[in-house]
Amino acid sequence: MAAGNLPPEAQEKLEELQDLQETAQQVAVQKNEAENRLTETKNALEELEEIDEETAMYREVGELLVETDYDEAQSDLEETKDNLEIRVETLEKQEERVQEQFEELQEELEEMLGGMGGGGPMGGGMGGPGAGGA
């Protein structure tokens, strides 16, 4: 059965599923970016521990490199690390919520289509937004 032949309620659920799948992909990308930045920040903090506190240091400000001191660099990196840890945690929770919504919606759609025979347009299950690995 083609998606165009679905009852309006089922078509609406299918569109919601597709929207949730897009949302899940966006959240996964944001989480991946935040995790990468967090790793880079932790690495920078570890490197900072190996550097003499009197060593000249610079940080990027837009297109410029601006001189900074050890304490300021460490403080900025710690703050960035804390913020990124919170961001990753928030995105993980959002990912879980989207996955739960996806599964609920998928069940509703399957129930709707169950009485119609043929198993619907899902072809035996699309897998959740997390399907396919990270």
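Preceding block: the structure.
Bear in mind that the values here come from a model prediction, so they are computed numbers and not experimental data.

Q: Before we go on, may I ask you to explain the overall build of the protein chain in this structure?
A: Along the protein chain, the regular secondary structure elements total two helices and two strands. Summarising the internal contacts of the protein chain: among those between residues at least 6 apart in sequence, 68% fall at separations of at least 24. In the form shown here, the protein chain has an accessible surface area of approximately 9300 Å², with 43% of it arising from carbon and sulfur atoms.

Q: Is there a simple way to explain the pattern of salt bridges in this structure?
A: Counted according to the given criterion, the structure contains six salt bridges. One salt bridge connects aspartate 76 with arginine 59, and the closest N-O pair in it is separated by 3.9 Å. Here the residue aspartate 76 occupies a position in helix H2 (residues 70–114), and arginine 59 occupies one in strand S1 (residues 57–61), the gap between them amounting to 17 residues. A relative accessible area of 35% places arginine 59 in the partly exposed class. One connected set of salt bridges, linked through shared partners, spans Arg59, Glu72 and Asp76.

Q: Can you walk me through the pairing of strand S2 (residues 64–68) in this structure?
A: Where a strand is regular, its side chains alternate between the two sheet faces. Sheet topology places S1 next to S2; five bridges connect them, and they run antiparallel. Each residue of the ladder has a partner; that of arginine 59, found in S2, is valine 66. What sits between S1 and S2 in their antiparallel hairpin is a turn of two residues, with glycine 62 showing a positive phi close to 65 degrees.

Q: Before we go on, may I ask you to explain the side chain of lysine 31 in this structure?
A: Topologically, lysine 31 is positioned in helix H1 (residues 8–50). Apart from residues lying up to four places away in sequence, lysine 31 is in contact with Leu91, Glu92 and Glu95.

Q: What is the right way to read a negative patch on the surface from this model?
A: On the surface, a cluster of negative charge is contributed by Glu92, Glu96, Glu100, Glu103, Glu104, Glu107, Glu110 and Glu111. Inspection of the secondary structure assignment puts glutamate 92 in helix H2. Taking the relative accessible area as the measure of exposure, glutamate 92 reaches 33% and is therefore partly exposed.

Q: Sorry if this is basic, but what is going on with the nonpolar core here?
A: One broad trend across soluble globular proteins is that nonpolar side chains are buried collectively. In terms of nonpolar packing, the biggest core is built from eleven residues, these being Leu6, Ala10, Leu14, Leu17, Leu20, Ala24, Val98, Phe102, Leu105, Leu109 and Leu113. Only H1 and H2 provide two or more residues apiece to this core. What leucine 20 contacts, discounting residues up to four positions off in sequence, is Val98, Gln101, Phe102 and Leu105. One finds Val27, Ala34, Leu84 and Leu91 within the second-largest nonpolar core, a separate group that totals six residues.

Conventions adopted
Residues numbered from 1 in each chain as written. Predicted model: local features only at pLDDT ≥ 70, side-chain atom pairs only at ≥ 80, totals over all residues. Heavy atoms only, no water. Helix = DSSP H or I, 4+ residues; strand = E, 2+ residues; numbered from the N terminus. Contact = heavy atoms within 4.5 Å. Areas by Shrake-Rupley, 256 points an atom, 1.4 Å probe, with all protein chains shown as cover. Salt bridge = Lys/Arg side-chain N within 4 Å of Asp/Glu carboxyl O. Buried < 20%, exposed > 50% of the residue type's maximum accessible area, 1.4 Å probe, protein only. Pairing = 2+ DSSP bridges. Patch = residues over 30% accessible without salt bridge, like charges linked within 9 Å, V, L, I, M, F, W, Y side chains within 5 Å. Lys, Arg positive; Asp, Glu negative; His and termini not counted. Charge placed at Lys NZ, Arg CZ, Asp CG, Glu CD. Core = buried A, V, L, I, M, F, W, Y, C linked by side-chain atoms within 4.5 Å.

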